[in-house]
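Coordinates in review
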Amino acid sequence: MLTYLIGGAVALIVLLIIFRMVWRVAEPNEALIISGLGAHSSSEQVNETLGFKIVVGRGTAVLPGFQTVRRLPLDIRATPLTVTCVSSQGIPLHIKGVTAYKVGDDYGSIANAARRFLEQSDEQVMGTIHELFAGHLRAIVGSTTVEEMLHDRETLTTNIRGSLAGDMEKLGLVVDSLQIQEIDDESGYIRNLGRPQAAAVEAAARIAQAERDKEATEREQVAAAAKAAAVRQSSIAQAGYQAEVDQANSKASQSGPLAEALARQEVVVAETETAKLNASLAEKQLESSVLKPADAEAYRQRTLAAAARDAQIAAAEANAREVQLRGEAEAKATELTGKAEAAAVQAKAMAEAAGIKARAEALATNTDAVVAQQLAEAYPEIVSAAASSFEKVGNMVVLNGAQGIEDTLVKTITMGGSGFALAKQLIESLNGKGDETKAALENNQNHSV
């Protein structure tokens, strides 16, 4: 029985040793790459058939001598980046950064990484990654200005990661993090870019310092003034207290005279009030007995004077109107007289012109013309004789203007020419007697006149 037990234990130990030698377990941060007899990937792992088997997160049996197992780390690795490149402005730059990368979690990425990096040292892998990153970083920086890289590093890293994505996928790697730590240049371009901002910051700092100094000085002055005011107020209060003490002492020493003076003051006040009342009474009496009657008399005198003044003004205005109307009447009479005289002169001139013309025609044709000529020569005397009938007339009113004057003149001349027919008969009876006829005509003419 003991032999069986020992044999069973030995067999179990041997089985355990054999199982330990055959069984391999993948850690959480690694993948088992198994190659050899019967080591093929299933279609569930990748879309292609691989010449090796990938085991992640579990265990598998490996036949010693027929199969080989290798471990591919899946944990993250960091690689420093130091790249010299040129910006789009032609400025040489030194860029320092760091990138964190790892093998992808899918079977395709593990297969790609296993084909390229399996059993390579970390230095080799990091060198490959560094060169890959450096190439893409130079390409991105060459199309970017220094100002854009300085002000927007997030965009720079995003562009680099986007440019690296295709190559990293082929290598089976993914970038977990990429940081640009430092951008520097030998020409001093970046330093010069910062000078205006630094100067502005320095100026702002100096201004802020000056303002703080000013505020501190003002506050010190305010504090000093407050201190002086407090001292002054304290001195004033002390002086006030001392004055009150002195006043109390003075009042105590002058209580008797003060009481007498106060009593006298009250008497003076009462007498003053009495005098005011008496003055007010006298003023009322004066107002009722003298001022009001005087005001009434003055009002009556002012009213009478105003009435007299108004009467004088009305009389003056009436006289002025009368003078104006009289002047207008005289001017109108003068105008009518002038028109009458002008019409008389015009009529006389017209009569003389017509008489001359008629006499000339009569002298050329018949005796009537001679008579008319002689009568015409005697017209002034005829008119004078006719006008003598108006010597007794004081004023004569001529109606109908110039036509009335003309009618009056015609009638006057007619009155003076009544001997025209007699003269004509005498001239016919004495025809051919020469001087006697003329004498008779002259006598007749004189008689008519």
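Quick caveat, the model's predicted, so the values are computed rather than measured.

Attention now goes to the overall build of the chain. A tally of regular secondary structure across the chain gives 12 helices and 8 strands. Within the chain, the fraction of its 449 residues that count as buried is 21%. For the chain, contacts bridging at least 24 residues in sequence account for 70% of all contacts bridging at least 6. With an accessible surface of roughly 30800 Å², the chain has 58% of that area assigned to carbon and sulfur atoms.

This part takes up the pairing of strand β7 (residues 92-103). One face of the sheet, then the other: side chains in a regular strand alternate in exactly this way. Two elements, strand β6 (residues 77-86) and β7, share 10 bridges in a ladder whose sense is antiparallel. Bridged to R77 within β7 is Y101. Sheet analysis places β7 next to strand β8 (residues 173-184), joined by 10 bridges and oriented antiparallel. Each bridged residue has a counterpart across the sheet, and for K96 the counterpart in β8 is E182.

As a further point, take the side chain of T157. In this structure, T157 sits in helix α5 (residues 153-171). Setting aside residues no more than four positions away along its own chain, T157 makes contact with L178 and I180.

Moving on, we come to the packing of helix α2 (residues 107-117) against α5. Interhelical geometry of α2 versus α5 gives an angle of 75° and a closest axis separation of 6 Å. Judged on the interaxial angle alone, α5 and α2 are roughly perpendicular. Together, N112, A113, R116 and F117 of α2 and E169, K170 and L171 of α5 make up the contact between the two elements.

Right, let's talk about the sheet that holds β8 for a bit. Read from one edge to the other, the open sheet built from 3 strands follows the order β6-β7-β8, with strand pairing classed as antiparallel. This sheet does not close on itself; its edge strands, each paired only once, are β6 and β8. Put simply, the sheet's adjacent strands are angled 25° from each other on average, direction ignored. With respect to the sheet, α5 is in contact with β7 and β8, its orientation differing from that of β8 by roughly 140°.

Let's shift gears to the side chain of T79. Turning to its location among the elements, T79 is positioned in strand β6. The class of T79 is buried, set by a relative accessible area of 2%. Excluding its chain neighbours within four sequence positions, the residues that come into contact with T79 are G97, V98, T99, Y101, M126 and H130.

This part is about the pattern of salt bridges. Scanning the model with the defined rule gives 4 salt bridges in all. R212 serves as the salt-bridge partner of E211, at 3.6 Å between the closest nitrogen and oxygen. As a salt-bridge pair, R212 and E215 come within 3.1 Å of each other at their nearest N and O atoms. Of this pair, R212 and E215 both sit in helix α6 (residues 189-253), separated by 3 residues, roughly a single helical turn. In this structure E215 comes out as partly exposed when scored by relative accessible area, which is 33%. Each member of the salt-bridge network shares a partner with another, and the members are E211, R212 and E215.

Running from N to C, helix α3 (residues 122-141) and α5 point in directions that differ by 140°, and their axes come no closer than 9 Å. One way to sum up the angle between α3 and α5 is to call them oblique. Where α3 crosses over α5, the handedness of that crossing is right-handed. Counted together, I129, L132, F133, H136, L137, I140 and V141 of α3 and L156, N159, I160, S163, L164, D167, M168 and L171 of α5 form the full contact between these two elements. Of the residues in the contact of α3 with α5, the class split is 11 nonpolar, 3 polar and 1 charged.

Residues L2, L5, I6, V10, V14 and I18 make up a contiguous nonpolar surface patch of roughly 550 Å² in combined accessible area. Structurally, the position occupied by I18 is in helix α1 (residues 2-22). Judged by relative accessible area, I18 falls into the partly exposed class, the value being 44%.

Taken in spatial order, the 3 strands of this open sheet run β3-β2-β5, and their pairing is antiparallel. The sheet terminates laterally at β3 (52-56) and β5 (67-73), the two strands that pair on one side only. Neighbouring strand axes in the sheet, compared pairwise and without regard to direction, differ in orientation by 25° on average. Relative to β3, strand β2 (residues 30-36) is paired through 5 bridges, and the arrangement is antiparallel. Bridging from a neighbouring strand, S35 pairs with F52 of β3.

Let us look at the confidence of the model for the chain. Residues with a pLDDT of 70 or more make up 75% of the chain, whose mean pLDDT is 75. Per-element confidence in the chain ranges from a low mean pLDDT of 44 for helix α12 (residues 435-448) to a high of 89 for β7. Every residue in residues 429-442 scores below 50 in pLDDT, and together they form 8 contacts with partners more than four places removed in sequence or on other chains.

Turning next to α5. Along its 19 residues, α5 runs 26 Å from first to last C-alpha, staying within 8% of the 27 Å computed at 1.5 Å per residue. Where α5 bends most, the angle comes to about 45°, and this point is A165. Residues of α5 that are buried sit in contact with β7, α2, α3, α4 (146-151) and β8. One or two positions beyond α5, positive phi appears at G172, with a value near 80°.

What counts, and where the lines are drawn
Residues numbered from 1 in each chain as written. Predicted model: local features only at pLDDT ≥ 70, side-chain atom pairs only at ≥ 80, totals over all residues. Heavy atoms only, no water. Helix = DSSP H or I, 4+ residues; strand = E, 2+ residues; numbered from the N terminus. Buried < 20%, exposed > 50% of the residue type's maximum accessible area, 1.4 Å probe, protein only. Contact = heavy atoms within 4.5 Å. Areas by Shrake-Rupley, 256 points an atom, 1.4 Å probe, with all protein chains shown as cover. Pairing = 2+ DSSP bridges. Axes fitted to C-alpha atoms, helices over the stretch in contact; angles between N-to-C directions. Parallel < 35°, antiparallel > 145°, perpendicular 65-115°, else oblique. Salt bridge = Lys/Arg side-chain N within 4 Å of Asp/Glu carboxyl O. Left-handed = near helix turned anticlockwise from the far one by under 90°. Nonpolar A, V, L, I, M, F, W, Y, C, P; charged D, E, K, R; others polar. Patch = residues over 30% accessible without salt bridge, like charges linked within 9 Å, V, L, I, M, F, W, Y side chains within 5 Å. pLDDT = per-residue confidence, 0-100. Expected span 1.5 Å × (residues − 1). Bend = angle between axes of the 7 residues up to and from the residue.

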